[in-house]
Amino acid sequence: SEVSATCSSPLTPRRWRGTATPHVPGEGRESEPWRAACVRHGYWRSFPGSMVRMKCLNLWALPPSVLALPEAERLKLIKEKYTVVSDEGGFAQASQNSQAPLSTADSVLALTFLSVVMGGPVVLMASGFACIIFGSWVHCVYWLTTALALATHPLPDVAAPLARSRLSLALYRYFSYRWLWSGDDGEHGEAVAPFVGCGPPHGVLPLANVLSIPAINACTSASFVGVAASVVFFTPFLRYLTLFGCVSASAGDITKALSSGACAGIVPDGIAGIFRLAQHPTEEVVYLRARKGLAKLALRTGRPIMPVYSMGNTRAFSAAFDPFGLMERLSRAAQAAIFVYWGRCYLPVPYRTPITMCFGRPIEVTRTPHPSDAEVDALHERLQREIVETFERHKAVVGWGNIKLRLE
């Protein structure tokens, strides 16, 4: 074992039995390998200053009246009244995984929106096949004209009102959406903005990341945009998700957003992450080891990276893939996901599962216009460690104590 010690319950202050510190051969206390070993074995509270308090913001609990307040008053009230602070050592096991109460009105609103953005593309594709097989060329022309109109019609700029809308609150409540962080990690991220958010896993749809766009814009002082694949902006119905505020996943557009003072949130595993949905109920798999573009972008822009892990993204839908990897290869070639998915009642509507976005400590980056491969590799390795640490630090609190994270 890398850590030659045992300890008391993972949810109480740690007391080492037999030795004062975990032992990593050849490494001293407070070194990176020592810290990483502590995290992997659940001993994270043994770090200097580790008897920190956790904080949780239940976004589903926010009433419409709070979001309607002026910014300064709104942020103060959210911090003082709606942000829950634990005792030293963190929250108790599975204490932050409860389902939010959901009214009939909120349920109808959330399900209607989700049915349109997720079910709309399925219905449109099915109707296209029906026109080809059973219809005439006139039907095919009508269908093609409709699809092109849905893919290209102008979208209004409604990101600001959506951030404080009843729709956003209904979605928060449907997914019992909450934020979780330790110490002042969340506040530090807000202070160093604009940052580049790195938030795996993708799942069928990165719902936590989508919800974070209106949430960050309404509940923090930071300005925030999501980063979406270019194809999303032209996919009928699904493109309505970009109304919350998104830019395309090109380095130029992301850099432009950062230069304007906005934070940018990236789901690093992308389409490949969809095909890494773990089949085992006690494992999360994230395709990240070869994804070094975010580290290169951060070095070139000099913006810090906010490591995040979204617990619940992979449980919102079920999915099926072919055993030969043909769907994945086609998806990568087309830059669009091609696979079978389903949710409630076997419909393309997500299950009502709690989703928690866990924030780590921002990684400070020195601007390097032309980073070397070694510099990119070093930052990428650190980012992977921080994501694993963020997952391990918070997983028991949301009832995921038995879940293991594997990076590929």
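Residues numbered from 1 in each chain as written. Predicted model: local features only at pLDDT ≥ 70, side-chain atom pairs only at ≥ 80, totals over all residues. Heavy atoms only, no water.

### So, the nonpolar core
Phase 1 of the analysis: Counting 65 residues, the largest nonpolar core has Leu 59, Tyr 177 and Trp 179 as its most contacted members.
Phase 2 of the analysis: By residue number, the principal contributor to this core is helix 9 (residues 207-219), which donates nine residues.
Phase 3 of the analysis: Here Tyr 177 is in contact with Leu 57, Asn 58, Leu 59, Trp 60, Tyr 172, Ala 208, Leu 211, Ser 212, Ala 215, Ile 355 and Met 357, once residues within four sequence places are set aside.
Phase 4 of the analysis: One finds Leu 180, Val 365, Ile 387 and Ile 403 within the second-largest nonpolar core, a separate group that totals 39 residues. (Core = buried A, V, L, I, M, F, W, Y, C linked by side-chain atoms within 4.5 Å. Buried < 20%, exposed > 50% of the residue type's maximum accessible area, 1.4 Å probe, protein only. Helix = DSSP H or I, 4+ residues; strand = E, 2+ residues; numbered from the N terminus. Contact = heavy atoms within 4.5 Å.)

### Thoughts on a nonpolar patch on the surface
Phase 1 of the analysis: A grouping of Met 125, Phe 129, Ile 132, Ile 133 and Phe 134 is seen on the molecular surface, where their side chains present a nonpolar patch of about 650 Å² in accessible area.
Phase 2 of the analysis: Residue position: Met 125 is located in helix 4 (residues 104-134).
Phase 3 of the analysis: Taking relative accessible area as the criterion, Met 125 reaches 53% and is therefore assigned exposed. (Patch = residues over 30% accessible without salt bridge, like charges linked within 9 Å, V, L, I, M, F, W, Y side chains within 5 Å. Areas by Shrake-Rupley, 256 points an atom, 1.4 Å probe, with all protein chains shown as cover. Salt bridge = Lys/Arg side-chain N within 4 Å of Asp/Glu carboxyl O.)

### Topic: the confidence of the model for the protein chain
Low-confidence regions, as indicated by low pLDDT, have predicted coordinates that should not be scrutinised in detail.
Phase 1 of the analysis: Across the protein chain, pLDDT averages 88, with 87% of residues at or above 70.
Phase 2 of the analysis: For the protein chain, per-element mean pLDDT is lowest for helix 1 (residues 32-40), which scores 53, and highest for helix 7 (residues 166-174), which scores 98.
Phase 3 of the analysis: Counted against residues more than four places away or in other chains, residues 1-24, with its pLDDT under 50, gives 56 contacts.
Phase 4 of the analysis: A low-confidence stretch, residues 39-49 (pLDDT under 50), is modelled with 43 contacts involving residues beyond four sequence positions or located in other chains. (pLDDT = per-residue confidence, 0-100.)

### A few points about the pattern of salt bridges
Phase 1 of the analysis: Scanning the entire structure with this criterion turns up 13 salt bridges.
Phase 2 of the analysis: Its salt-bridge partner being Asp 106, residue Arg 173 comes within 2.9 Å of it at the nearest N-O pair. Of this pair, Arg 173 sits in helix 7 while Asp 106 is found in helix 4, placing the two residues 67 residues apart along the sequence. Each member of the pair, Arg 173 as well as Asp 106, is classed as buried.
Phase 3 of the analysis: The residue Glu 408 makes a salt bridge to Arg 406 at a minimum N-O spacing of 2.6 Å.
Phase 4 of the analysis: The partly exposed category is assigned to Glu 408, whose relative accessible area is 31%.
Phase 5 of the analysis: Shared partners join several salt bridges into a network, and the residues in it are Asp 184, Asp 185, Arg 361, Glu 389 and Arg 393.

### Quick word on the side chain of Asp 106
Phase 1 of the analysis: Overall, the relative accessible area of 3% leaves Asp 106 in the buried class.
Phase 2 of the analysis: Non-local contacts of Asp 106, meaning those with residues more than four positions away in its chain, are made with Arg 166, Ala 170 and Arg 173.

### A few points about the packing of aromatic side chains
Phase 1 of the analysis: One pass over the full model with this rule turns up twelve aromatic pairs.
Phase 2 of the analysis: A ring pair is formed by Phe 275 and Phe 339, whose centres lie 6.1 Å apart and whose planes are at 70 degrees; its orientation type is edge-to-face. Note that Phe 275 is positioned in the loop between helix 11 (270-274) and strand 8 (283-286) and Phe 339 in the loop between helix 13 (326-334) and strand 11 (340-342), a separation of 64 residues in sequence. Of the two residues, Phe 275 and Phe 339, neither departs from the other in class, the shared state being buried.
Phase 3 of the analysis: For the ring pair Tyr 309 and Phe 391, a centre distance of 4.9 Å and an interplane angle of 70 degrees mean the geometry is edge-to-face. Within this pair, whereas Tyr 309 is found in strand 9 (residues 305-311), its partner Phe 391 is found in helix 14 (residues 373-394), the two being separated by 82 residues in sequence.
Phase 4 of the analysis: Taking relative accessible area as the criterion, Phe 391 reaches 0% and is therefore assigned buried.
Phase 5 of the analysis: Following the ring pairs from residue to residue traces out a cluster consisting of Phe 275, Phe 317, Phe 321, Phe 339 and Tyr 341. (Phe/Tyr/Trp six-rings, centres within 6.5 Å; stacked < 30°, edge-to-face > 60°.)

### Overview of helix 3 (residues 71-82)
Side chains that are three or four residues apart share a direction in an α-helix, a result of its 3.6 residues per turn.
Phase 1 of the analysis: With twelve residues, helix 3 extends 15 Å from end C-alpha to end C-alpha; this agrees with the ideal 16 Å at 1.5 Å per step.
Phase 2 of the analysis: Turning to helix 3, its buried residues number three or more, namely Arg 74, Leu 75, Ile 78 and Tyr 82. End-on view of helix 3: buried residues confined to an arc of 95 degrees, all on one side of the axis. Of the exposed residues in helix 3, the ones pointing more than 90 degrees away from its buried face are Ala 72, Lys 76, Lys 79, Glu 80 and Lys 81. (Expected span 1.5 Å × (residues − 1). Arc of directions from axis to C-beta.)

### Looking at the packing of helix 12 (residues 293-301) against helix 14
Phase 1 of the analysis: Interhelical geometry of helix 12 versus helix 14 gives an angle of 115 degrees and a closest axis separation of 9 Å. Regarding the angle of helix 12 to helix 14, the classification is roughly perpendicular. With respect to the hand of their crossing, helix 12 and helix 14 are arranged in right-handed fashion. Contacts between helix 12 and helix 14 involve Leu 294, Ala 295, Lys 296, Ala 298 and Leu 299 from the former and Glu 375, Val 376, Leu 379, His 380 and Leu 383 from the latter.
Phase 2 of the analysis: Across the contact of helix 12 with helix 14, the residue classes break down as seven nonpolar, one polar and two charged. (Axes fitted to C-alpha atoms, helices over the stretch in contact; angles between N-to-C directions. Parallel < 35°, antiparallel > 145°, perpendicular 65-115°, else oblique. Left-handed = near helix turned anticlockwise from the far one by under 90°. Nonpolar A, V, L, I, M, F, W, Y, C, P; charged D, E, K, R; others polar.)

### Side note on the environment of Ala 316
Phase 1 of the analysis: Positionally, Ala 316 belongs in the loop between strand 9 and strand 10 (318-320).
Phase 2 of the analysis: Ala 316 sits in the buried class, given a relative accessible area of 0%.
Phase 3 of the analysis: Considered as a pair, Ala 316 and Phe 175 are 141 residues apart in the sequence and their alpha carbons are 8.9 Å apart.
Phase 4 of the analysis: Excluding residues that lie within four positions of it along the chain, Ala 316 makes contacts with Leu 207, Pro 350, Tyr 351 and Thr 353.

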